[in-house]
Amino acid sequence: MTLLDAVLSLSEAPARDEALQRILRALARVTAADALSVLTAAEDGSVGVAAQIGLSPAALGMSFRPAEHPRLRRATQAAGPIRFLDPSEPDPYSGWLLGSHGEIHPIHACMAVPLHVQGRLAGLLTLDACDPHGLRGLHDEDARVFAGLCAGALRLDAGLLDARPEARRALGPASRGPAPASGSAGMQRIEREIAVLAPLSVPVLVTGETGVGKELVARALHERSPRASRALVIVNCAAIPAQLVESELFGHRRGAFTGATAARAGRFEAAHGGTIFLDEIGELPLSAQAQLLRALQEGEIQPVGEDRARRVDARVVAATNRDLRREVAEGRFRADLFHRLWVYPICVPPLRERREDIPALCERFAAELAAELGAGRVDFTEPALSALAQGAWPGNVRELKNAVERAVLRRTITEGKSAAGRAIVVRREDVDAIDGGAPERSPAPRIELPGERLRLADALQGQPVEPLAEALERARREAFARAFRAAGGNAATAGRLLGLSRSFAYKEAVRLGLIPPAGPRKR
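Residues numbered from 1 in each chain as written. Predicted model: local features only at pLDDT ≥ 70, side-chain atom pairs only at ≥ 80, totals over all residues. Heavy atoms only, no water.

Participant: Run through the overall build of the protein, naming residues and quoting values.
Facilitator: Each helix and strand counted, the protein has 19 helices and 15 strands in total. Residues counted as buried form 46% of the 523 residues belonging to the protein. Intrachain contacts of the protein at a sequence separation of at least 6 include 67% that bridge at least 24 residues. If you sum the accessible surface of the protein, you get close to 26100 Å²; carbon and sulfur atoms cover 52% of it. (Helix = DSSP H or I, 4+ residues; strand = E, 2+ residues; numbered from the N terminus. Buried < 20%, exposed > 50% of the residue type's maximum accessible area, 1.4 Å probe, protein only. Contact = heavy atoms within 4.5 Å. Areas by Shrake-Rupley, 256 points an atom, 1.4 Å probe, with all protein chains shown as cover.)

Participant: Tell me about the sheet that holds strand β5 (residues 109–117), and name the residues and values.
Facilitator: Pairing within the open sheet is antiparallel, and its six strands lie in the order β3-β2-β1-β6-β5-β4. Whereas interior strands pair on both sides, the edge strands pair on one side only; in this sheet they are β3 (63–64) and β4 (82–83). Where strand β1 (residues 35–41) lies against strand β6 (residues 120–129), six bridges are found, and the strand directions are antiparallel. If you follow V38 over to β6, its bridge partner there is L125. Contacting β1, β2 (47–53) and β6, helix α2 (residues 16–28) runs over the sheet at an angle of about 55 degrees to β2. Where helix α3 (residues 70–77) meets the sheet, it contacts β2, β3, β4, β5 and β6, and its direction lies at approximately 130 degrees from that of β6. (Pairing = 2+ DSSP bridges. Axes fitted to C-alpha atoms, helices over the stretch in contact; angles between N-to-C directions.)

Participant: Please provide a residue-by-residue account of the pattern of salt bridges, values included.
Facilitator: In the structure shown here, the tally under the stated rule is 31 salt bridges. Measuring nitrogen to oxygen at the nearest pair gives 2.5 Å for the salt bridge that ties R352 to E209. Of this pair, R352 sits in the loop between β13 (345–347) and α13 (358–373) while E209 is found in the loop between β7 (204–207) and α7 (214–223), placing the two residues 143 residues apart along the sequence. On the accessibility criterion, R352 (29% relative accessible area) is partly exposed. (Salt bridge = Lys/Arg side-chain N within 4 Å of Asp/Glu carboxyl O.)

Participant: Run through the environment of C110, naming residues and quoting values.
Facilitator: Tracing the chain through its elements places C110 in strand β5. Counting along the chain gives 22 residues from C110 to P132, while the straight-line C-alpha distance between them is 8.4 Å. In contact with C110, not counting residues within four places along its chain, are R71, I82, R83, F84, D91, L127, D128 and L135.

Participant: Let's hear about the side chain of R315: which residues, and what values?
Facilitator: Counting through the fold element by element, R315 comes out in strand β12 (residues 315–320). Engagement of the side chain of R315 in a polar contact is seen with the backbone oxygen of A198, the distance being 3.5 Å. (Polar contact = N/O pair within 3.5 Å; in protein donor to acceptor, adjacent residues only side chain to side chain.)

Participant: Report on the confidence of the model for the protein, specifying residues and quantitative values.
Facilitator: Looking at the protein as a whole, its pLDDT mean stands at 80, while 81% of the residues score no less than 70. Counted against residues more than four places away or in other chains, residues 158–181, with its pLDDT under 50, gives 65 contacts. Across residues 435–457 the pLDDT falls below 50, and counting only partners more than four positions away or on other chains, this stretch makes 16 contacts in the model. (pLDDT = per-residue confidence, 0-100.)

Participant: I'd like to hear about the nonpolar core, residue by residue, with values.
Facilitator: Counting 52 residues, the largest nonpolar core has L20, L115, L125, L127, V217, L221 and I346 as its most contacted members. Ranked by residue count, the leading element in this core is helix α4 (residues 140–154), at eight residues. Core analysis: the second largest hydrophobic core is formed by 29 residues, L293, A314, A318 and F338 among them. (Core = buried A, V, L, I, M, F, W, Y, C linked by side-chain atoms within 4.5 Å.)

Participant: Could you give an account of helix α10 (residues 286–298), naming the residues involved and the relevant values?
Facilitator: The first and last C-alpha atoms of α10 sit 18 Å apart over 13 residues, in line with the 18 Å expected at 1.5 Å per residue. Among all positions in α10, only A288, Q289, Q291, L292, L293, A295 and L296 are buried. On its buried side, α10 packs onto α8 (245–250), α9 (267–270), β9 (275–279), β10 (300–301), β12 and α12 (335–341). Residue G299 follows α10 closely and has a positive phi angle near 70 degrees. (Expected span 1.5 Å × (residues − 1).)

Participant: I'd like to hear about the packing of aromatic side chains, residue by residue, with values.
Facilitator: Tallied over the entire structure, the rule returns two aromatic pairs. Pairing F250 with F268 gives two aromatic rings, centres 5.5 Å apart and planes at 25 degrees, and the pair type is stacked. Note that F250 is positioned in helix α8 and F268 in helix α9, a separation of 18 residues in sequence. With relative accessibility at 2%, the residue F268 sits in the buried group. (Phe/Tyr/Trp six-rings, centres within 6.5 Å; stacked < 30°, edge-to-face > 60°.)

Participant: Tell me about helix α15 (residues 396–415), and name the residues and values.
Facilitator: Here α15 is 20 residues long and its end C-alpha atoms lie 29 Å apart, about the 28 Å a rise of 1.5 Å per residue gives. Taken as a whole, α15 has its buried residues at N396, V397, E399, L400, K401, A403, V404, A407, V408, R411 and T412. Here the buried face of α15 lies against α13, β14 (377–380), α14 (382–389) and β15 (423–426). Once α15 ends, the next one or two residues include G416, with phi positive near 65 degrees.

Participant: Now, about the packing of α2 against α4: what can you tell me, with residues and values included?
Facilitator: Packing of α2 against α4 leaves a shortest axis separation of 9 Å and a crossing angle of 170 degrees. Judged on the interaxial angle alone, α4 and α2 are roughly antiparallel. Along the contact surface, α2 presents R16, A19, L20, I23, A26 and L27, while α4 presents F146, L149, C150, A153 and L154. For the contact of α2 with α4, a count of residues per class yields 10 nonpolar, no polar and one charged. (Parallel < 35°, antiparallel > 145°, perpendicular 65-115°, else oblique. Nonpolar A, V, L, I, M, F, W, Y, C, P; charged D, E, K, R; others polar.)

Participant: Can you explain the sheet that holds β7? Please cite residues and give values.
Facilitator: Strand order across the open sheet formed by five strands is β8-β9-β12-β7-β13, with parallel pairing between neighbours. Two strands lie at the open edges of the sheet, namely β8 (232–236) and β13, each paired on one side alone. Direction aside, neighbouring strands of the sheet carry axes that sit 20 degrees apart on average. Helix-sheet contacts for helix α6 (residues 185–197) involve β7, β12 and β13, and the interaxial angle to β13 is about 155 degrees.

Participant: Pulling in residues and values, what's your account of the side chain of R71?
Facilitator: Inspection of the secondary structure assignment puts R71 in helix α3. In this structure the side chain of R71 is engaged in a polar contact, spanning 3.4 Å, whose partner is the backbone oxygen of E89. Apart from the residues within four sequence positions on either side, R71 is in contact with F84, D86, P87, E89, P90, D91, H108 and C110.

Participant: Describe the pairing of β7, naming the residues involved and giving the relevant values.
Facilitator: Burial along β7 is two-sided: V204 and V206 and L205 and T207, pointing in opposite directions, are all buried. Inspection of the sheet shows β7 paired to β12 by four bridges, in the parallel sense. Counterpart to T207 in the pairing with β12 is T320. The sheet contact formed by β7 and β13 spans three bridges and is parallel. For V206, the partnering residue across the bridge sits in β13 and is I346.

Participant: Tell me about unusual backbone geometry, residues and numbers included.
Facilitator: In this structure, W393 is a non-glycine residue whose phi angle is positive, near 50 degrees. Residue position: W393 is located in the loop between α14 and α15. Overall, the relative accessible area of 2% leaves W393 in the buried class. For N396, which is not glycine, the phi torsion reads 60 degrees and is therefore positive. Inspection of the secondary structure assignment puts N396 in helix α15.

Listed below in structure tokens is the structure:
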């Protein structure tokens, strides 16, 4: 689990330097290195120690000019991991190693990996072992993975994170479909996870309910990766007939089965050099899962009807709304494939746990439809936006998008004017019921029978009907009150009882008047 621990460092560490330190600690547990460090590149070409283990504390912040150090010069110019075998080359850390009383013995193991962010050198990862064979167990590919994590941590710097226009677009307004907003803590966490994982080639499993935007996360991982210039191949595993899954994914030779009149490349070959997104991976039959496992482990596929395997380089991102652990326990999903995919799962929270994102999403979806209608802009009245923010939205972002579009169209039709060039103001009556249910339909012409109204009044006598909005608000208040009583007023515990985040539970409790708002902090 060391690799997972290192990846978690990127999303959980409060700052770049702490993330780097955690990654080095994870690397130290799997190597015999006596000293590890991350150096960051400055604009003047120098490199400085940003994080280290095994060096004198005074080494932190120390700066080197690669032109004056042959090993650092070669490392900054290398394309990948480089091992230094020439004992005549001086080691920059000689005399700085903890426990060393002088220069490091020339015969020792030394390795460096350049850290690249968005095509430019961002720093170096270095490892030193006094034992000449101390780094033999660290393969170059493993070193690249940890270097990628360090580069991801460097992206946490304001000057590097999302600097590319295409990276900003990946989860921004220009993306197609219901992109996840990033105002909530949950989505900010996902932004950090994407920044870390995108440069790597490790498989990623995206989990979450239907409609939360799992495909958008996959697009962001691809568009922010070094593979962005190659294809992103999207496969809906649930839409492929079971008997054709292997042919669709891995291809087939001519005559391999009835109807195979010509050879055909599969989706994996189409994604060579790029990314393949396997949506609804839990729907794959077991036979195809075995082939997929081989593609992940060995980088090989075997088209149906062929005797030889083919090499393929495609980064796998998978998504599911199923509980794969339960699928494994019940024998519908291979345990070895599950563990291979579960390197680092990204869990996209449902919309009900990030309601603070709803206003921004509504404005974005309305703006997209306004552009199609040729309208100047779309605004929401406060009651309309409040109703949308309180919706249950079991279909999550996808359902919210449909509801916003219905509301805009409903207002346009109600006003009976062309939307071109004018502002549209969505009102509360244009919005569906706040439970996120089916839209109200225009009533059909109807003839009321004699005495029907009187019979209805008699039936309801003594049974007052509460408006739906008031009934839901009352039920909401009672649920929050019970949870906060059971939690002793603790918002985090109450949130867990309600299945909500701590911040949302606290905000709702304040809105409902159950707890007082926090006062200004004293300085």
